[in-house]
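Results of the structural survey
So you can see what is in the structure, the chains are spelled out below.
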Amino acid sequence: MTILVTGGAGYIGSHFVRQALKNGYDVAIIDNLSRGHKESVPEGVKLYNVNITDFKKLAETVKEISPDAIVHFAAFAYVGESVEDPEVYYVNNTAGSLNLIRAAKAAGVDKFIFSSTCSLYGNPVKVPISESEPVKPINPYARTKLMIENTLSDFSDAYDLNYVALRYFNAAGADPAGMIGESHDPEPHLIPIVLQVALGKREKVFIFGDDYNTPDGTCIRDYIHVNDLADAHLLALKYLENGGASDIFNLGTGNGFSVKELIDSARKITGKDIIADIADRRPGDPDVLVADNGKAKSVLGWEPEYGLDEIISHAWNWHQNQKY
(Lines give C-alpha, C1' and ligand atoms only; values in the text may rest on other atoms or scores of the structure.)
Protein backbone atom coordinates (compact mmCIF):
# COMPACT_ATOMS: atom_id res chain seq x y z
CA MET A 1 0.00 0.00 0.00
CA THR A 2 1.35 3.42 -0.97
CA ILE A 3 0.80 6.46 1.24
CA LEU A 4 1.29 10.01 0.01
CA VAL A 5 2.43 12.19 2.92
CA THR A 6 2.21 15.96 2.45
CA GLY A 7 4.52 17.89 4.75
CA GLY A 8 6.52 14.69 5.23
CA ALA A 9 9.73 16.67 5.78
CA GLY A 10 8.15 18.61 8.65
CA TYR A 11 8.15 17.87 12.36
CA ILE A 12 5.14 15.56 12.78
CA GLY A 13 5.13 14.37 9.17
CA SER A 14 8.72 13.09 9.32
CA HIS A 15 7.95 11.07 12.44
CA PHE A 16 4.89 9.58 10.77
CA VAL A 17 6.92 8.64 7.67
CA ARG A 18 9.32 6.59 9.77
CA GLN A 19 6.51 4.83 11.61
CA ALA A 20 4.77 4.05 8.32
CA LEU A 21 7.96 2.58 6.84
CA LYS A 22 8.44 0.42 9.95
CA ASN A 23 4.92 -0.91 9.43
CA GLY A 24 5.57 -1.97 5.85
CA TYR A 25 3.95 0.87 3.90
CA ASP A 26 5.45 2.43 0.80
CA VAL A 27 5.72 6.20 1.23
CA ALA A 28 6.05 9.18 -1.09
CA ILE A 29 6.41 12.74 0.21
CA ILE A 30 5.20 16.08 -1.11
CA ASP A 31 6.90 18.99 0.64
CA ASN A 32 8.06 22.34 -0.73
CA LEU A 33 10.65 22.53 2.10
CA SER A 34 9.55 26.05 3.06
CA ARG A 35 9.37 24.88 6.68
CA GLY A 36 10.44 21.25 6.46
CA HIS A 37 13.93 19.77 6.42
CA LYS A 38 15.27 17.61 3.61
CA GLU A 39 17.61 16.03 6.18
CA SER A 40 14.62 14.47 7.94
CA VAL A 41 13.54 12.49 4.85
CA PRO A 42 14.69 8.85 5.10
CA GLU A 43 17.00 7.51 2.41
CA GLY A 44 15.09 5.86 -0.40
CA VAL A 45 11.85 7.81 0.10
CA LYS A 46 10.87 9.86 -2.95
CA LEU A 47 10.47 13.55 -2.19
CA TYR A 48 8.48 15.71 -4.61
CA ASN A 49 9.19 19.42 -4.17
CA VAL A 50 5.69 20.67 -4.90
CA ASN A 51 3.69 23.54 -3.43
CA ILE A 52 0.12 22.50 -2.60
CA THR A 53 -1.07 25.92 -3.81
CA ASP A 54 -0.04 24.94 -7.38
CA PHE A 55 -3.05 22.84 -8.32
CA LYS A 56 -1.86 21.78 -11.78
CA LYS A 57 1.50 20.47 -10.60
CA LEU A 58 -0.03 19.01 -7.45
CA ALA A 59 -2.72 17.11 -9.37
CA GLU A 60 -0.14 15.79 -11.83
CA THR A 61 2.06 14.61 -8.96
CA VAL A 62 -0.77 12.90 -7.08
CA LYS A 63 -1.79 11.13 -10.29
CA GLU A 64 1.83 10.05 -10.90
CA ILE A 65 2.22 8.67 -7.37
CA SER A 66 -1.25 7.04 -7.52
CA PRO A 67 -1.45 6.53 -3.76
CA ASP A 68 -3.94 4.34 -1.92
CA ALA A 69 -4.22 6.97 0.82
CA ILE A 70 -3.15 10.53 1.60
CA VAL A 71 -1.97 11.74 5.00
CA HIS A 72 -2.03 15.53 4.98
CA PHE A 73 0.31 17.42 7.33
CA ALA A 74 1.34 20.32 5.06
CA ALA A 75 0.20 23.54 6.75
CA PHE A 76 1.38 26.68 8.46
CA ALA A 77 0.72 26.31 12.17
CA TYR A 78 1.72 29.42 14.14
CA VAL A 79 -1.26 31.07 15.81
CA GLY A 80 0.45 34.45 16.24
CA GLU A 81 1.60 34.52 12.63
CA SER A 82 -1.92 33.70 11.46
CA VAL A 83 -3.25 36.75 13.32
CA GLU A 84 -0.57 39.00 11.83
CA ASP A 85 -0.84 37.64 8.28
CA PRO A 86 -4.11 35.72 7.80
CA GLU A 87 -3.90 35.85 4.00
CA VAL A 88 -0.91 33.50 4.00
CA TYR A 89 -2.87 31.02 6.14
CA TYR A 90 -6.03 31.08 4.05
CA VAL A 91 -4.03 30.67 0.83
CA ASN A 92 -1.71 27.92 2.06
CA ASN A 93 -3.86 26.01 4.53
CA THR A 94 -7.36 26.40 3.13
CA ALA A 95 -6.86 26.86 -0.61
CA GLY A 96 -3.87 24.49 -0.65
CA SER A 97 -5.79 21.78 1.19
CA LEU A 98 -8.76 22.20 -1.14
CA ASN A 99 -6.36 21.68 -4.05
CA LEU A 100 -5.13 18.47 -2.43
CA ILE A 101 -8.64 17.19 -1.76
CA ARG A 102 -9.61 17.91 -5.37
CA ALA A 103 -6.44 16.19 -6.60
CA ALA A 104 -7.25 13.17 -4.44
CA LYS A 105 -10.76 12.99 -5.91
CA ALA A 106 -9.41 13.29 -9.47
CA ALA A 107 -6.89 10.49 -8.84
CA GLY A 108 -9.49 8.21 -7.27
CA VAL A 109 -7.95 8.29 -3.78
CA ASP A 110 -10.64 7.32 -1.29
CA LYS A 111 -8.76 7.44 2.06
CA PHE A 112 -7.63 10.77 3.54
CA ILE A 113 -6.13 11.47 6.98
CA PHE A 114 -6.10 15.12 8.02
CA SER A 115 -3.90 16.82 10.62
CA SER A 116 -6.31 19.06 12.54
CA THR A 117 -6.08 20.85 15.88
CA CYS A 118 -7.65 21.25 19.31
CA SER A 119 -7.54 25.00 18.62
CA LEU A 120 -10.93 24.50 16.98
CA TYR A 121 -12.50 24.39 20.45
CA GLY A 122 -11.38 27.95 21.27
CA ASN A 123 -12.14 28.63 24.93
CA PRO A 124 -13.90 25.38 25.85
CA VAL A 125 -16.82 25.28 28.24
CA LYS A 126 -16.08 21.75 29.47
CA VAL A 127 -12.71 20.14 30.25
CA PRO A 128 -11.57 17.45 29.45
CA ILE A 129 -12.64 18.32 25.91
CA SER A 130 -14.57 15.71 23.94
CA GLU A 131 -15.33 15.75 20.23
CA SER A 132 -18.89 16.81 21.07
CA GLU A 133 -17.64 20.14 22.48
CA PRO A 134 -18.76 23.01 20.19
CA VAL A 135 -16.11 24.27 17.78
CA LYS A 136 -15.51 28.01 18.25
CA PRO A 137 -12.10 28.88 16.76
CA ILE A 138 -10.68 32.18 17.95
CA ASN A 139 -7.81 32.71 15.49
CA PRO A 140 -7.25 32.45 11.72
CA TYR A 141 -5.08 29.31 12.02
CA ALA A 142 -7.90 27.39 13.72
CA ARG A 143 -10.49 28.78 11.30
CA THR A 144 -8.48 27.48 8.33
CA LYS A 145 -8.44 24.01 9.90
CA LEU A 146 -12.20 24.10 10.50
CA MET A 147 -12.78 25.08 6.88
CA ILE A 148 -10.80 22.02 5.76
CA GLU A 149 -12.72 19.73 8.11
CA ASN A 150 -15.97 21.08 6.67
CA THR A 151 -14.69 20.59 3.12
CA LEU A 152 -13.76 16.98 3.87
CA SER A 153 -17.18 16.38 5.39
CA ASP A 154 -18.93 17.72 2.30
CA PHE A 155 -16.68 15.74 -0.08
CA SER A 156 -17.27 12.63 2.00
CA ASP A 157 -21.03 13.09 1.70
CA ALA A 158 -20.96 13.82 -2.03
CA TYR A 159 -18.11 11.66 -3.33
CA ASP A 160 -16.35 8.41 -2.52
CA LEU A 161 -13.82 10.00 -0.16
CA ASN A 162 -13.52 8.69 3.39
CA TYR A 163 -11.54 10.73 5.88
CA VAL A 164 -10.37 10.94 9.47
CA ALA A 165 -9.58 14.33 11.03
CA LEU A 166 -7.25 14.10 14.02
CA ARG A 167 -7.42 17.04 16.40
CA TYR A 168 -4.03 17.26 18.12
CA PHE A 169 -3.43 18.77 21.49
CA ASN A 170 0.20 19.89 22.16
CA ALA A 171 2.55 17.84 19.98
CA ALA A 172 5.97 17.52 21.60
CA GLY A 173 9.04 15.34 22.00
CA ALA A 174 11.28 13.65 19.46
CA ASP A 175 11.99 10.21 18.08
CA PRO A 176 13.60 8.18 20.91
CA ALA A 177 16.49 7.23 18.61
CA GLY A 178 17.40 10.92 18.32
CA MET A 179 17.64 11.03 14.53
CA ILE A 180 14.84 13.55 14.02
CA GLY A 181 13.14 16.11 16.23
CA GLU A 182 11.54 19.53 16.42
CA SER A 183 13.34 22.38 14.65
CA HIS A 184 11.59 25.63 13.70
CA ASP A 185 12.94 29.09 12.88
CA PRO A 186 11.73 31.02 14.73
CA GLU A 187 10.84 28.49 17.41
CA PRO A 188 7.32 29.10 18.79
CA HIS A 189 6.88 26.06 21.04
CA LEU A 190 7.47 25.88 24.77
CA ILE A 191 9.51 22.69 25.22
CA PRO A 192 12.16 23.52 22.57
CA ILE A 193 12.42 27.05 23.97
CA VAL A 194 12.91 25.72 27.51
CA LEU A 195 15.60 23.30 26.28
CA GLN A 196 17.34 26.08 24.34
CA VAL A 197 17.65 27.92 27.66
CA ALA A 198 19.12 24.77 29.20
CA LEU A 199 21.66 24.64 26.35
CA GLY A 200 22.62 28.31 26.78
CA LYS A 201 21.13 29.30 23.44
CA ARG A 202 18.63 31.60 25.17
CA GLU A 203 18.99 33.58 28.39
CA LYS A 204 15.54 32.76 29.77
CA VAL A 205 12.07 31.49 29.02
CA PHE A 206 9.04 33.73 29.45
CA ILE A 207 5.89 32.47 31.14
CA PHE A 208 3.01 34.37 29.61
CA GLY A 209 0.76 35.02 32.58
CA ASP A 210 0.67 33.56 36.10
CA ASP A 211 -2.85 34.60 37.06
CA TYR A 212 -4.89 31.94 35.25
CA ASN A 213 -7.55 29.92 37.05
CA THR A 214 -5.22 26.98 37.67
CA PRO A 215 -3.49 25.68 40.83
CA ASP A 216 -0.21 27.53 40.15
CA GLY A 217 -1.63 30.34 37.98
CA THR A 218 -0.05 29.18 34.70
CA CYS A 219 -1.79 27.63 31.70
CA ILE A 220 -2.35 23.87 31.68
CA ARG A 221 -1.87 21.92 28.45
CA ASP A 222 -2.02 18.30 27.30
CA TYR A 223 1.37 17.34 25.82
CA ILE A 224 1.33 14.39 23.42
CA HIS A 225 4.47 12.65 22.15
CA VAL A 226 5.02 13.02 18.41
CA ASN A 227 5.48 9.24 17.98
CA ASP A 228 2.17 8.64 19.75
CA LEU A 229 0.62 11.01 17.20
CA ALA A 230 2.29 9.08 14.37
CA ASP A 231 0.90 5.80 15.70
CA ALA A 232 -2.60 7.31 15.86
CA HIS A 233 -2.38 8.20 12.17
CA LEU A 234 -1.49 4.61 11.31
CA LEU A 235 -4.44 3.35 13.35
CA ALA A 236 -6.72 5.87 11.61
CA LEU A 237 -5.48 4.59 8.26
CA LYS A 238 -6.19 0.97 9.26
CA TYR A 239 -9.62 2.09 10.48
CA LEU A 240 -10.40 3.43 6.99
CA GLU A 241 -8.86 0.35 5.33
CA ASN A 242 -11.27 -1.77 7.36
CA GLY A 243 -14.27 0.20 6.13
CA GLY A 244 -14.57 2.75 8.94
CA ALA A 245 -16.82 5.74 8.30
CA SER A 246 -15.48 9.29 8.11
CA ASP A 247 -14.95 10.64 11.61
CA ILE A 248 -13.09 13.03 13.94
CA PHE A 249 -10.89 12.10 16.91
CA ASN A 250 -9.07 14.02 19.64
CA LEU A 251 -5.44 13.10 20.23
CA GLY A 252 -4.14 13.90 23.69
CA THR A 253 -3.06 11.99 26.77
CA GLY A 254 -5.93 13.20 28.96
CA ASN A 255 -3.38 14.59 31.43
CA GLY A 256 -2.61 18.28 31.81
CA PHE A 257 0.57 19.99 33.02
CA SER A 258 1.08 23.65 33.81
CA VAL A 259 3.85 25.75 32.32
CA LYS A 260 5.60 25.84 35.70
CA GLU A 261 5.32 22.06 36.07
CA LEU A 262 6.82 21.58 32.62
CA ILE A 263 9.76 23.86 33.39
CA ASP A 264 10.37 22.06 36.69
CA SER A 265 10.39 18.73 34.85
CA ALA A 266 12.91 20.12 32.34
CA ARG A 267 15.15 21.35 35.18
CA LYS A 268 15.11 17.88 36.71
CA ILE A 269 15.84 16.08 33.43
CA THR A 270 18.54 18.46 32.15
CA GLY A 271 20.13 19.23 35.48
CA LYS A 272 20.19 22.89 34.41
CA ASP A 273 18.99 26.01 36.22
CA ILE A 274 16.45 27.21 33.64
CA ILE A 275 15.62 30.87 34.25
CA ALA A 276 11.93 31.69 33.83
CA ASP A 277 10.43 35.19 33.99
CA ILE A 278 6.76 36.15 34.09
CA ALA A 279 5.47 38.20 31.15
CA ASP A 280 2.06 39.54 30.17
CA ARG A 281 -0.63 37.14 29.08
CA ARG A 282 -1.02 36.44 25.37
CA PRO A 283 -4.49 37.16 23.99
CA GLY A 284 -6.65 34.10 23.45
CA ASP A 285 -4.79 31.64 25.71
CA PRO A 286 -7.37 29.48 27.53
CA ASP A 287 -6.72 28.44 31.14
CA VAL A 288 -6.84 24.69 30.49
CA LEU A 289 -6.77 22.53 27.35
CA VAL A 290 -6.90 18.82 28.11
CA ALA A 291 -8.28 16.10 25.86
CA ASP A 292 -10.95 13.54 26.45
CA ASN A 293 -9.32 10.80 24.34
CA GLY A 294 -11.85 8.08 25.05
CA LYS A 295 -13.16 7.99 21.48
CA ALA A 296 -9.72 7.43 19.94
CA LYS A 297 -9.04 4.70 22.49
CA SER A 298 -12.33 2.87 21.97
CA VAL A 299 -12.71 3.23 18.19
CA LEU A 300 -9.11 3.27 16.95
CA GLY A 301 -7.58 1.19 19.75
CA TRP A 302 -5.06 3.96 20.38
CA GLU A 303 -3.17 4.15 23.65
CA PRO A 304 -0.54 6.90 24.12
CA GLU A 305 2.71 5.42 25.38
CA TYR A 306 4.73 8.37 26.64
CA GLY A 307 4.31 10.83 29.51
CA LEU A 308 5.72 14.31 30.03
CA ASP A 309 9.10 13.25 31.48
CA GLU A 310 9.74 10.94 28.51
CA ILE A 311 8.64 13.65 26.09
CA ILE A 312 11.15 16.09 27.58
CA SER A 313 13.89 13.43 27.83
CA HIS A 314 13.55 12.51 24.15
CA ALA A 315 13.45 16.17 23.13
CA TRP A 316 16.52 16.88 25.30
CA ASN A 317 18.42 14.05 23.60
CA TRP A 318 17.54 15.51 20.19
CA HIS A 319 18.42 19.11 21.06
CA GLN A 320 21.82 18.16 22.49
CA ASN A 321 22.71 16.40 19.24
CA GLN A 322 20.60 18.40 16.81
CA LYS A 323 21.40 17.55 13.20
CA TYR A 324 19.43 20.25 11.34
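Everything that follows concerns the structure shown earlier in this document.
The text that follows walks through the structure, step by step, so that each part is easy to find.

Analysis parameters
Residues numbered from 1 in each chain as written. Predicted model: local features only at pLDDT ≥ 70, side-chain atom pairs only at ≥ 80, totals over all residues. Heavy atoms only, no water. Salt bridge = Lys/Arg side-chain N within 4 Å of Asp/Glu carboxyl O. Helix = DSSP H or I, 4+ residues; strand = E, 2+ residues; numbered from the N terminus. Buried < 20%, exposed > 50% of the residue type's maximum accessible area, 1.4 Å probe, protein only. Axes fitted to C-alpha atoms, helices over the stretch in contact; angles between N-to-C directions. Parallel < 35°, antiparallel > 145°, perpendicular 65-115°, else oblique. Left-handed = near helix turned anticlockwise from the far one by under 90°. Contact = heavy atoms within 4.5 Å. Nonpolar A, V, L, I, M, F, W, Y, C, P; charged D, E, K, R; others polar. Pairing = 2+ DSSP bridges. Right-handed = clockwise from strand over helix to strand, strands pointing away.

Here we look at the pattern of salt bridges
On inspection of all chains with the given rule, the structure shows 11 salt bridges. For Lys 295, the salt bridge identified is with Asp 247, shortest N-O distance 2.6 Å. Taken together, the residues Lys 295 in helix 9 (residues 294-300) and Asp 247 in strand 11 (residues 247-251) connect sequence positions 48 residues apart. Of the residues examined, Lys 295 reaches a relative accessible area of 24% and is grouped as partly exposed.

Quick look at the packing of helix 4 (residues 86-106) against helix 5 (residues 140-158)
Where helix 4 contacts helix 5, the axes come no closer than 9 Å and their chain directions differ by 20°. Classed by the angle they form, the pair helix 4 and helix 5 counts as roughly parallel. Helix 4 and helix 5 meet at a crossing whose hand is right-handed. Here helix 4 contributes Pro 86, Tyr 89, Tyr 90, Asn 93, Thr 94, Ser 97, Leu 98, Ile 101, Arg 102 and Lys 105 to the contact with helix 5, which in turn contributes Pro 140, Tyr 141, Arg 143, Thr 144, Met 147, Ile 148, Thr 151, Leu 152 and Phe 155. Tallied by class, the residues present in the contact of helix 4 with helix 5 amount to 11 nonpolar, five polar and three charged.

Overview of the pairing of strand 1 (residues 2-6)
Across the five residues of strand 1, four count as buried, placing the element largely inside the fold. Inspection of the sheet shows strand 1 paired to strand 2 (residues 26-30) by five bridges, in the parallel sense. Bridge pairing in strand 2 links Ile 3 to Val 27. In this fold, the crossover linking strand 1 to strand 2 by way of helix 1 (residues 11-22) has right-handed handedness.

Quick word on the packing of helix 1 against helix 7 (residues 226-241)
With their axes 9 Å apart at the nearest point, helix 1 and helix 7 run at an angle of 60° to one another. Overall, the two elements helix 1 and helix 7 adopt an arrangement that is oblique. Helix 7 is crossed by helix 1, and the crossing has right-handed handedness. Across the interface between the two elements, Tyr 11, Ile 12, His 15, Phe 16, Gln 19 and Ala 20 from helix 1 touch Val 226, Asn 227, Leu 229, Ala 230, Asp 231, His 233 and Leu 234 from helix 7. Taken together, the residues that form the contact of helix 1 with helix 7 break down as eight nonpolar, four polar and one charged.

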